[in-house]
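Residues per chain are reported as follows:
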Amino acid sequence: MPIIVLAHNEVNLVTAFLNHYRRLCTPHFVVVDDGSTDGTPEHFAAQPDVTLFRPAPGSSYAADKHIWRQGLLDTHADGRWALTPDMDEFFVFAGRHDRLEPHLRDLDHEGAEAVLTVMLDMYADRPLRDHSFDSAGGRTLFETFPYFDGPSPAPFGYHFLHNSRKRRRKLPTPPLSVHGGMRDRLFRAEHTDIGALRGWLLDRVAGLDGPVTPEGVSLLKHVLARPFIRAYFRQALDMHKIGLVRWRRGLNYGGAHCLRQRLPLSESIAAFLHYKFTRGLSGLQYTARRGQHFAGARHYHQMLAAEDILGRSPVFEGSRRFVDISSLAGIARAIPAG
């Protein structure tokens, strides 16, 4: 199965990343290493199931990452299911099978060509600035960062927002965005007035228990709720991707989170366990200086400015511990029966 990934200075995650996806499926890792200096490309190059590429001179992650990813998908995944994680994203899914290959047959039977994948920020019970991981340290990534934000009353937890007509014309897959999680809670939601009506609508209309592709009464509820809740999500991070897709030549991503073509979505919801904080404060500072992420790594600069938040544990009463896929009840869900 093709797994398309872009990497830069993430040698601390390489072993965990490879091992996770080898347990999940029989992978062919197609990796673009973007000028790593920490041993990441050497580690990948030594693996028999990895094909390693380097960017053409003059190209950059900020300007060309979508071209890199699309070119590799067109070459290595045309007509096939493919995964498109970042190095810090570990795919998990609910269903009848432990391995991904038979799950793909169930998706084909459903008629799906893409799977909405929620990004779950994972964390430990210690200050964010001290979150770090060394694959040689004796503990697994799952043991080191066992917590995530579970379903909670608004404003916390994860929620859908029906996309605007303009966005749905430009980026029709998926029709809904997902917002929430640890970073949203700490850096935005805790400091934003939600109001009683918005909270009620988020809990009653916008929960992840609703359809991924709403129709009929469900769609009407989203359309009616949107004018009342959209302003609350201004500046919120998109916490979803189309992480699993049956690729065909000519498809393309509009950013990391959406496709420019309309594909039939599964009514299942998968998840990326998202290990955003694994290199401590210095890792955040390096990414901010490099400036290759969205808007010049604006989000990283914002996090670094919030020293009080980085200096405390992100664990709260709504935190859950990840043990297995059952831990994600209320977020990830299986393909509907029938």
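No experiment lies behind these values; they were computed from the predicted model shown.

Draft legend 1. How the structure looks around helix α4 (residues 100-110). The set of residues buried in α4 consists of L100, P102, H103, L104, D106 and L107. In this fold, the buried residues of α4 make contact with α1 (11-24), β4 (81-83), β5 (89-92), β6 (114-121), β10 (240-246) and β11 (265-274). Once α4 finishes, G111 follows within two positions and takes phi at roughly 90°, a positive value.

Draft legend 2. Layout of the pairing of β11. For β11, a buried count of nine out of 10 residues is recorded, marking the element as mostly surrounded by other parts of the structure. Pairing analysis gives four bridges linking β5 to β11, with the strands arranged antiparallel. Its bridge partner lying in β11, F90 is registered against L273. Relative to β11, β6 runs parallel, the two being bridged by seven bridges. Bridged to L116 within β11 is I269.

Draft legend 3. View of the environment of G210. For G210, the position within the fold is in the loop between α8 (196-204) and α9 (216-229). The class for G210 is buried, based on a relative accessible area of 15%. Sequence-wise, G210 and H222 are 12 residues apart; in three dimensions their C-alpha atoms are separated by 10.0 Å. In contact with G210, not counting residues within four places along its chain, are F160 and R333.

Draft legend 4. Broad picture of the nonpolar core. Of all hydrophobic cores here, the largest spans 76 residues; its most connected members are F91, L100, L120 and L244. Tallying contributions element by element places α1 first for this core, with seven residues. If we ignore the near neighbours within four places in the chain, the residues touching L100 are M1, L24, C25, L83, F91, F93 and L244. Among the nonpolar cores identified, the runner-up in size contains 31 residues, and I229, A297, M303 and A306 belong to it.

Draft legend 5. Geometry of the packing of aromatic side chains. One pass over the full model with this rule turns up 15 aromatic pairs. One Lys or Arg, R185, reaches over the ring of F316 and ends 3.8 Å from the middle of that ring. Against the face of Y232 rests R188, its NZ or CZ located 4.5 Å from the ring centre.

Draft legend 6. Geometry of the pattern of salt bridges. Inspection of the entire model under this criterion finds 16 salt bridges. The partner of D86 in a salt bridge is K241, and the shortest N-O contact between them spans 3.0 Å. On the criterion of sequence distance, the pair formed by D86 in the loop between β4 and β5 and K241 in strand β10 is long-range, its members being 155 residues apart. The exposure class of D86 is buried, given its relative accessible area of 19%. With a relative accessible area of 6%, K241 lands in the buried category. Between E267 and R333 there is a salt bridge whose closest N-O contact spans 3.2 Å. Taken together, the residues E267 in strand β11 and R333 in the segment after β12 (319-321) connect sequence positions 66 residues apart. A network of salt bridges, in which partner residues are shared, links R69, D86, E89 and K241.

Criteria and thresholds
- Residues numbered from 1 in each chain as written.
- Predicted model: local features only at pLDDT ≥ 70, side-chain atom pairs only at ≥ 80, totals over all residues.
- Heavy atoms only, no water.
- Buried < 20%, exposed > 50% of the residue type's maximum accessible area, 1.4 Å probe, protein only.
- Helix = DSSP H or I, 4+ residues; strand = E, 2+ residues; numbered from the N terminus.
- Contact = heavy atoms within 4.5 Å.
- Pairing = 2+ DSSP bridges.
- Core = buried A, V, L, I, M, F, W, Y, C linked by side-chain atoms within 4.5 Å.
- Phe/Tyr/Trp six-rings, centres within 6.5 Å; stacked < 30°, edge-to-face > 60°.
- Lys NZ or Arg CZ within 6 Å of the ring centre and 35° of its normal.
- Salt bridge = Lys/Arg side-chain N within 4 Å of Asp/Glu carboxyl O.

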